[in-house]
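# Coordinate inspection notes
Letter by letter, the chains look like this.
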Amino acid sequence: MAASSAPRSFLQVAATEEVVSPLRVVQIEGLVILKIIKHCKEFSPALVTGQLLGLDVGSVLEVTNCFPFPIREEDEEIEADGANYQLEMMRCLREVNVDNNTVGWYQSTILGSYQTVELIETFMNYQENIRRCVCIIYDPSRSNQGVLALKALKLSDSFMELYRANSFTGEKLREKNLSWVDIFEEIPIKVSNSALISAFMTELEADTPVTQCDYDRLQLSSNPYMERNMEFLIECMDDLSMEQQKFQYHYRNLSRQQAQQQAWLQKRRAENMARKAAGEEPLPEEDPTNPIFKPIPEPSRLESFLITNQIANYCNQINGVAGQSFNRLYLMKALHDN
Amino acid sequence: MEAGDRTVLQFRTHSTANLSAKVHPLVVFNICDCYVRRPDQAERVIGTLLGSVLSDGTVDIRNSYAVPHTESAEQVALDIEYHHNMLVSHQKVNPKEVIVGWYSTGLGVTGGSALIHDFYSREVPNPVHLTVDTEFRNGEGIIKAYVSVNLALGDRQLAAQFQEIPLDLRMVEAERLGFDILKTTAVDKLPSDLEGMEVTMQRLLALIDDIYKHVDDVVEGRVTADNSIGRIISDTVAALPKLSPPAFDKLVNDSLQDQLLLLYLSSITRTQLGLAEKLNTAAQIL
């Protein structure tokens, strides 16, 4: 008998399932970052998307190239056009030896308000065809504040299972111990460049501090940005309170229904006693045709989770910018004293 | 000179005298990437440059893509259909980008380049030819831009001369932020807000130190005083608004308080979120 250390036949190897190593790092090339920045900035404040191409190697997802999508009209006929465009681009890029493998997509966002149901749906669409895909979010408005706001996101596995089952009731969520933090996983980004490019860049940009100082970061006026952030935050809080009202309504309905059920049961029991006394058959204690026994569907918690995520994002941003402002104010104070 | 004078070579000086080109670093990245990925038998990469012509005549080169080509000793063949396909695709995304020229890697302009330049000049009136020296032949990477000028002897076209035009490497602010990351071959993680802040402040400090040293040197006579620099420095220092200390302190404190308020608000919001989440999922109907 062949021991387990003997070489396995081809059939055996093909039959065993590959263990998917978890995605740990997204490695992006500088070229891709520049392209994303350029595309998003050109069309800001409109939101744009594009496709990412690259390789999936072990626990690292390498993104080596990307191309932008044209702005989609709402027309039906242009749907086919969009698919054609994609195929055409992939084919052309293949001819110049660019990796032809889709690994995800990127999109721009305003002030970090990207958690929507569409994002999740797009993720699910991609996930069906590609084993591992990632979404890169770029925020051009934050870059005006002097921060490179680039994030790589992935849906967590447990969330995806729940979504496929399409059940977001409190029971299931408690089972899986899933809270709003677990929907999206953020993956650290590594940047890599070919040696040729870094040689060129070092060549072209002199190393003097004068040209290198990023004056945008030292700008003192962060008020407009904060104001917009607060506006978005307030809107989201309104949405959240609406969702909570929905839950309250549902609970009230549920408890009312239960009270009705109890009352009906009492009546039935009383009837049955009477019947037993009269010697007749007792009626069943349940009556599925009675409308008060119809189970009320619990509203999905997906929306509230997403909104919560959004709010947390805004809060983080506010914290970040406030921290930076502190730095700038103290710097100014010190300079002035000197 | 008279057009009928056949012994004199005529240079038709167009408005190319003041033509210049601006290149976005994305184009350089693209070209390098295509060069690294070229098929093994090709020595150089040829491609199209996209961009626009600004109102003052400078050519703004914003994007590029490679075009497959075959090259032998006598002839060069370019895949024209591919070129058109890519152009159409790119224009679907950004209709404002048009062909402004073409690029090739390798130092200098070769014989085959004239033919390709001819082809491109049929598409665009005055194409710009960019050469990117990827082999660092002289020990440094040289990027040059050329336009072609026709040399005519009387009525006959003699040759096309490639004249170099000034080139300017531009970078938009957002790209400059990422620029540090783009310079090295590998960065482990994107710098967070605070780290970036720190780096910027250090640079500012270095700048101020330099100026200090320079002024000291001038005062002590080690360096000859340059009036223009002195004026610039005094302008910069005068740009600080003259505020009395109490007024300045009040300003700073007000801003500080505003920021603290916002921080407090966001912490309250987060607490609220935590509570709401517990209530939502933990509540059970018994």
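All of these numbers come straight from a predicted model, not from anything done at the bench.

Rules used in this analysis
Residues numbered from 1 in each chain as written. Chains lettered and ligands numbered in written order. Predicted model: local features only at pLDDT ≥ 70, side-chain atom pairs only at ≥ 80, totals over all residues. Heavy atoms only, no water. Helix = DSSP H or I, 4+ residues; strand = E, 2+ residues; numbered from the N terminus. Buried < 20%, exposed > 50% of the residue type's maximum accessible area, 1.4 Å probe, protein only. Contact = heavy atoms within 4.5 Å. Areas by Shrake-Rupley, 256 points an atom, 1.4 Å probe, with all protein chains shown as cover. Phe/Tyr/Trp six-rings, centres within 6.5 Å; stacked < 30°, edge-to-face > 60°. Patch = residues over 30% accessible without salt bridge, like charges linked within 9 Å, V, L, I, M, F, W, Y side chains within 5 Å. Salt bridge = Lys/Arg side-chain N within 4 Å of Asp/Glu carboxyl O. Lys, Arg positive; Asp, Glu negative; His and termini not counted. Charge placed at Lys NZ, Arg CZ, Asp CG, Glu CD. Core = buried A, V, L, I, M, F, W, Y, C linked by side-chain atoms within 4.5 Å. pLDDT = per-residue confidence, 0-100. Pairing = 2+ DSSP bridges. Expected span 1.5 Å × (residues − 1). Axes fitted to C-alpha atoms, helices over the stretch in contact; angles between N-to-C directions. Left-handed = near helix turned anticlockwise from the far one by under 90°. Nonpolar A, V, L, I, M, F, W, Y, C, P; charged D, E, K, R; others polar.

### Considerations on the overall build of chain B
Scanning chain B for helices and strands turns up eight helices and twelve strands. Across the 286 residues of chain B, 41% fall into the buried class. A separation of at least 24 residues holds for 57% of the contacts in chain B among residues at least 6 apart in sequence. Carbon and sulfur atoms provide 56% of the accessible area of chain B, an area that totals close to 16,300 Å².

### Considerations on the overall build of chain A
Looking only at helices and strands, chain A has eleven helices and eight strands in total. Taking as baseline every contact in chain A between residues at least 6 positions apart, the subset at least 24 positions apart corresponds to 76%. When the accessible area of chain A is evaluated, it comes to approximately 17,900 Å², of which 52% is carbon and sulfur surface.

### Details of the packing of aromatic side chains
All names here are of chain A. Across all of its chains, the model carries three aromatic pairs over all chains by this definition. The interplanar angle of 75 degrees and the centroid separation of 5.9 Å between the aromatic rings of F67 and F69 together place this pair among those described as edge-to-face. The residues F67 and F69 share a single accessibility class, namely buried. Ring centres of F67 and Y85 lie 6.2 Å apart, and the angle between their planes is 70 degrees; on these two criteria the pair is classed as edge-to-face. Of this pair, F67 sits in strand β3 (residues 60-68) while Y85 sits in helix α3 (residues 78-95), and the two are 18 residues apart along the sequence. Among the aromatic residues, those joined into a cluster by ring pairs are F67, F69 and Y85.

### Quick notes on a negative patch on the surface
Residues and elements named next belong to chain A. Judged by side-chain charge, E227, E231, E235, D238, D239 and E303 come together as a negatively charged surface patch. It is helix α10 (residues 223-278) that provides the largest number of residues to the negative patch, a total of five residues. Along the chain, E231 turns up in helix α10. According to the relative accessible area criterion, E231 is partly exposed, its value standing at 48%.

### Some remarks on the side chain of R62 of chain B
Here R62 of chain B lies in strand β4 (residues 59-67). Accessibility expressed as a relative area gives 15% for R62 of chain B, which makes it buried. Apart from residues no more than four positions distant in its own chain, R62 of chain B is found in contact with K38 and E42 of chain A together with H24, L26, V27, L50, G51, S52 and E97 of chain B.

### Describing a nonpolar patch on the surface
Taken together, the side chains of L335 of chain A together with I208 and Y212 of chain B present a nonpolar region at the surface, about 300 Å² in accessible area. As for its position among the elements, I208 of chain B is in helix α6 (residues 193-219).

### Quick notes on the pattern of salt bridges
Within this structure, the stated rule accounts for five salt bridges over all chains. The partner of K38 of chain A in a salt bridge is E97 of chain B, and the shortest N-O contact between them spans 3.0 Å. Taken together, the residues span two chains, with K38 of chain A in helix α2 (residues 30-43) and E97 of chain B in the loop between α2 (80-93) and β7 (98-105). Judged by relative accessible area, K38 of chain A falls into the buried class, the value being 11%. Of the charged contacts, one joins R91 of chain A and E88 of chain A as a salt bridge, the two residues approaching to 2.8 Å between their closest N and O atoms.

### A word on the nonpolar core
Side chains that are nonpolar tend, in soluble globular proteins, to be buried together. Counting 79 residues, the largest nonpolar core has I36, L52 and F67 of chain A together with Y103, Y120 and L130 of chain B as its most contacted members. F123, L153, F159 and I183 of chain A belong to the second largest nonpolar core, which has 21 residues in total.

### A closer look at the confidence of the model for chain A
In this model, chain A carries an average pLDDT of 73, and 72% of its residues clear a pLDDT of 70 or more. Counting interchain partners and residues more than four positions distant, the pLDDT-below-50 stretch residues 207-213 of chain A has 16 contacts.

### Quick word on the side chain of N30 of chain B
Inspection of the secondary structure puts N30 of chain B in helix α1 (residues 25-36). A relative accessible area of 6% means that N30 of chain B is categorised as buried. Contacts of N30 of chain B, omitting those with residues within four sequence positions, involve L31 and K35 of chain A together with N63 and S64 of chain B.

### With respect to the pairing of strand β3 (residues 46-53) of chain B
Where a strand is regular, its side chains alternate between the two sheet faces. Residue and element names in this part refer to chain B. With seven of its eight residues buried, β3 lies for the most part within the structure. As judged from the eight bridges shared by β3 and β4, these two strands associate in the antiparallel manner. Residue pairing in the sheet places L49 in a bridge with S64 of β4. Where β3 folds back on β4, the antiparallel hairpin that results is connected by five residues, among which G57 adopts a positive phi of roughly 95 degrees.

### Regarding α2 of chain A
Residue and element names in this part refer to chain A. Look at α2: 20 Å from first C-alpha to last across 14 residues, which is about the 20 Å you get at 1.5 Å a residue. Of all 14 residues that make up α2, twelve are buried, and the element is covered over most of its length. By the burial criterion, the buried members of α2 are G30, L31, V32, I33, L34, K35, I36, I37, K38, H39, C40 and F43.

### A few points about the environment of L49 of chain B
All names here are of chain B. Mapping L49 onto the fold places it in strand β3. Residues L49 and H90, 41 residues apart in the sequence, show an inter-C-alpha distance of 11 Å. In this structure, L49 is in contact with V27, I61, N63, S64, V98, I99, V100, G101, W102, Y103, V128 and L130, ignoring residues within four places of it in sequence.

### Here we look at the packing of α2 of chain A against α1 of chain B
Axis angle and axis distance: for two packed helices, these are the angle between their axes and the distance between the axes, and together they describe the pair. Their axes nearest at 10 Å, the elements α2 of chain A and α1 of chain B cross at an angle of 145 degrees. Read as a crossing pair, α2 of chain A and α1 of chain B show a hand that is left-handed. Residues G30, L31, L34, K35 and K38 of chain A of α2 of chain A touch α1 of chain B, and the partners they reach there are P25, L26, F29, N30 and D33 of chain B. Residue composition of the contact of α2 of chain A with α1 of chain B, grouped by class: five nonpolar, two polar and three charged.

### Concerning the environment of F119 of chain B
Residues and elements named next belong to chain B. Looking at where F119 falls in the secondary structure, it is placed in helix α3 (residues 111-123). Separated by 143 residues in sequence, F119 and L262 have C-alpha atoms that sit 61 Å apart. F119 has contacts with L78, I80 and H83, leaving out every residue within four places of it along the chain.

### Overview of α10 of chain A
Here α10 of chain A contains 56 residues, and its C-alpha end-to-end distance of 82 Å stays within 8% of the 82 Å for a straight helix at 1.5 Å per residue. G279 of chain A lies just past α10 of chain A and shows a positive phi near 90 degrees.

### Considering the confidence of the model for chain B
Residues and elements named next belong to chain B. Per-residue pLDDT for chain B has a mean of 72; in total, 69% of the residues score no lower than 70. Predicted confidence is poor over residues 1-7, with pLDDT under 50, and the contacts of this stretch with residues over four places away or in other chains come to six contacts. Between residues 9-17, whose pLDDT stays under 50, and residues either more than four places distant or in other chains, the model counts 19 contacts. We note a pTM of 0.74 for the whole complex and an ipTM of 0.72 for its interfaces.

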